[in-house]
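Secondary and tertiary structure notes
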Amino acid sequence: MTEEVKKTTEDEMPDWSEYRGVLVYVEHREGVAKPISWQLLGQGRRLAEKLNADVMALVIGDNVGKLAEEAIAFGADRVFQVDSPTMHDYRTYPYSRAAMKVIHDAKPEIVLFGATATGRDLAGAIATHLPTGLTADCTQLDVEPDPSRLLLASRPAFSEKMMATILCKQYRPQMATARAGVFEALPRDPSRRGEIVHVDYTMAEEAVAAKVLDFIREESTVNIEEAEIIVAGGRGLGSAEGFKLLQELADELGGEVGASRACVDVGWINHHHQIGQTGYTVRPKLYFAFGISGAVQHVVGMQNSDMIIAVNRDPEAPIFKIAHYGIVGDLYEIVPAMIEEARKRKADAASGKGSKTEAEGGVRV
Amino acid sequence: MLHIVVSVKQVPDSREIRIDPKTSTLVRIGVPAIVNFYDLHGLEEALVLKEKYGGRVTVISMGPPPAEKALKQCISLGADEAVLITDRAFAGADTLATSYVLAEAIKKVEETWGPVDIVFTGKQTLDGDTGQVGPGIACRLDIEQLTYVSKVTGYNGETKRVTVQRKLEDGVEVVETKTPVLMTALKELNKPRRAPMPGMLRAAQYKPIVWTTADFPNLDRSKIGLKGSPTIVGKTWVPEIKAADTQMLDGDTKVKVGTLFDKIWETELPARFGWDHAANGKGA
Ligand SMILES: Cc1cc2nc3c(=O)[nH]c(=O)nc-3n(C[C@H](O)[C@H](O)[C@H](O)COP(=O)(O)OP(=O)(O)OC[C@H]3O[C@@H](n4cnc5c(N)ncnc54)[C@H](O)[C@@H]3O)c2cc1C
Ligand SMILES: Nc1ncnc2c1ncn2[C@@H]1O[C@H](COP(=O)(O)O)[C@@H](O)[C@H]1O
């Protein structure tokens, strides 16, 4: 955060002392949590620590006891588990009613959801019913400590050209949806202790009008959000063929192929690979940007990568500002040289030739 | 017969908005106002359904008087009637206050032209960019909501049930529910038509119906405008992309790539990924 938010005086605020703690909605498919759920639980814990309060998780589904236990391993002090056959599929009506019951009983001061289709659908319904303020699509979440305990929910505005911090002073809980990939999950710790509260809530199937008839999973083999190495390409590749070359490098290093929107728009590669504002937000250990200019909409999705390597023909390309290492040159010369170099180094290591790493005593983790 | 309401918003084309580098403020001058393009996909679907099942399409918009232009565009495309909900008292509304006013307007549409079967909103707006107004309206009207609709596959006038596909991050959900229902439109839903000549002629003559607070005698004043909006903007800033301490690598291709790999090899990555023990395969 760069500037101070105007301090709120106590007398502006109603008495909200009954509302304490951070509640995170755990989104899942068939009992398998979405990465955003644990990312938000991690961030929720950081906020709760500043507020000296608990972090709670909300798990709704059919037979989701395992998931509730997982929520504790990922940082929850208390998990509210709503378990019933009616909750097998996500449907707005039963899910929002169950969530509202938990919110009424547990009285969290902050409730967080992933800014996913489901998270936005659910949060939008709940916030209207309660009613309370809801900030969409946050990329920064912070809190002001006592006495205001305000959630500072910041999000991009005007096609990422500006950031805005949104506050909700007059209502509790304060609600927000947040983007995947921005916040870090805590390491899974099965020894962590927490309480599971079985919420007594049932709804007859006949009371629910919506019926989920089918779900066609998109058989995407890419998992760009969790990749530790991303080899990304932009319009500079010039054609869909270019991605084959990047795939070769990615295979050599054990990474995934990413793309700028320009390539997705012209159909060189599908949307599952897109990084940036309207694609995935990623934070790999190693990010290669080949022929990507570095437009702000792309950069917001990858600037937190540990090491960024940019290759571009244009020495003035903005991507060089955020890269740790830059190479000015034609990617069609550089990439093949990199593939060759990677192969050589690995072969040398395998055949026991004194590689640099061994000479320097590289650390194994 | 179907009565479909489409909620549209006129938005500044935010792609055209620039930031004044000196003052860090938005430069809105000369930025064109457009109909939020997701809303046009909602309108197109409404028109397709009307053509198939008969009925009427009513378009509503809350905004300042110039939003009339957006409504005329909807008329040119084939909407039957268009209502502008405008009043200074509505200004400064966040999604909660907006959904309240739009829900009240839809109730008034029902009083005027009969029961509504389907409400379309866009997935989200270009300026607000929240996707919350749709679910908000559905809650307030206490009707079903189907967000992120990529295809309307069926409507049964007898059972009053619709079947749609919803496009989610990990796949496509096929879901069926009863009407009345609110759906939020994705761009995958359809390809909006171009205005036909008769539509353009009608739009040129057409004056949208205007409703102000005076037209809503039971309106709860505490729920509209700035006062009815729980969220407030604390501060805004221009995100500075944190410039890295960039090291540019020189030399011919071989030297550059060699230096780069030396740098990579100085990190924990080769050990982490097993590159330094390639014979064992990847993964440390
Ligand atoms: C609302 C909105 C949302 C958006 N969301 C996203 C998003 O999520 N993700 C995203 O990526 N973009 C997004 N964009 C688009 C973004 O503004 C840029 O247009 C896009 O990122 C540009 O892609 P690019 O860098 O591949 O292409 P370009 O900007 O065309 O850059 C190509 C680069 O390749 C270099 N080059 C060309 N040939 C070679 C070669 N042989 N060797 C080396 N270098 C070469 C050029 O010097 C140039 O720098 C969004 C835009 C808007 C308005
Ligand atoms: N002022 C408004 N007038 C009419 N419809 C609106 C208005 N604001 C939002 N909507 C509708 O709600 C959808 C979602 O908007 P938002 O929640 O702002 O992203 C839009 O696509 C519109 O269909």
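Residues numbered from 1 in each chain as written. Chains lettered and ligands numbered in written order. Predicted model: local features only at pLDDT ≥ 70, side-chain atom pairs only at ≥ 80, totals over all residues. Heavy atoms only, no water.

**Considering helix α4 (residues 117-129) of chain A**
Residues and elements named next belong to chain A. For α4, built from 13 residues, the straight-helix expectation of 18 Å at 1.5 Å per residue is met to within 8% by its first-to-last C-alpha distance of 19 Å. Judged by how many residues are buried, α4 sits mostly within the fold: twelve of 13 residues are covered. Buried residues of α4: A117, T118, G119, R120, D121, L122, A123, G124, A125, I126, A127 and T128, and no others. (Helix = DSSP H or I, 4+ residues; strand = E, 2+ residues; numbered from the N terminus. Expected span 1.5 Å × (residues − 1). Buried < 20%, exposed > 50% of the residue type's maximum accessible area, 1.4 Å probe, protein only.)

**Considering the environment of E340 of chain A**
Considering the arrangement of structural elements, one finds E340 of chain A in helix α9 (residues 331-350). For the pair E340 of chain A and E252 of chain A, spaced 88 residues apart in the sequence, the C-alpha separation amounts to 9.5 Å.

**Concerning the site of ligand 1**
Close to ligand 1 lie 26 residues, the nearest being R235, S260, T278, S293 and N312 of chain A. Per-site note: the chains with residues close to ligand 1 are chains A and B. Between R261 of chain A and ligand 1, the recorded distance is 2.9 Å, taken from a backbone N or O atom to an oxygen atom. Between ligand 1 and N312 of chain A there is a distance of 2.7 Å, counted from an oxygen atom to a side-chain nitrogen or oxygen. (Near = heavy atom within 4 Å. Polar contact = N/O pair within 3.5 Å; in protein donor to acceptor, adjacent residues only side chain to side chain.)

**Quick word on the site of ligand 2**
Residues and elements named next belong to chain B. Residues in close proximity to ligand 2 total 18 residues, the closest being S7, D39, M62, T130 and G131. Here an oxygen atom of ligand 2 sits 3.2 Å away from a polar atom, N or O, in the side chain of N36. The separation between an oxygen atom of ligand 2 and a polar main-chain atom of T125 is 2.8 Å. If ligand 2 stood free it would expose 480 Å²; the protein chains cover 97% of that surface. Secondary-structure elements contributing two or more residues to the shell around ligand 2 are β6 (55-62), α3 (95-113) and β8 (118-122). (Areas by Shrake-Rupley, 256 points an atom, 1.4 Å probe, with all protein chains shown as cover.)

**Here's the deal with unusual backbone geometry**
Residues and elements named next belong to chain A. Here the residue pair L130 and P131 is connected by a cis peptide bond, since its omega of -15° sits within 30 degrees of zero. Inspection of the secondary structure assignment puts P131 in the loop between α4 and β7 (134-138). Going from D146 to P147, the amide bond is cis rather than trans, its omega being 5°. By secondary structure assignment, the location of P147 is in the loop between β8 (140-143) and β9 (151-157). Positioned with a positive phi, K107 is a non-glycine residue whose angle comes to about 50°.

**Structural notes on the domain arrangement of chain B**
For chain B, the assigned domains are domain 1 (2-223) and domain 2 (242-284). If you average the C-alpha positions of domain 1 of chain B and of domain 2 of chain B, the two centres end up 52 Å apart. (Domains from an automatic or database assignment.)

**Describing the state of the cysteines**
As enumerated under the stated definition, the model contains zero disulfides over all chains in all. The cysteine C139 of chain B is free of any disulfide, with C168 of chain A supplying the nearest cysteine sulfur at 17 Å. Judged by its relative accessible area of 12%, C139 of chain B falls in the buried class. (Disulfide = S-S within 2.5 Å.)

**Re the sheet that holds strand β14 (residues 231-237) of chain B**
Read from one edge of the open sheet, four strands run β8(A)-β9(A)-β10(A)-β14(B), paired in antiparallel fashion. Only two strands of the sheet have a single neighbouring strand rather than two, namely β8 of chain A together with β14 of chain B. Within this sheet the neighbouring strands show an average axis-to-axis angle of 30°, counted without direction. Inspection of the sheet shows strand β10 (residues 162-168) of chain A paired to β14 of chain B by six bridges, in the antiparallel sense. Its bridge partner lying in β14 of chain B, T165 of chain A is registered against K235 of chain B. (Pairing = 2+ DSSP bridges. Axes fitted to C-alpha atoms, helices over the stretch in contact; angles between N-to-C directions.)

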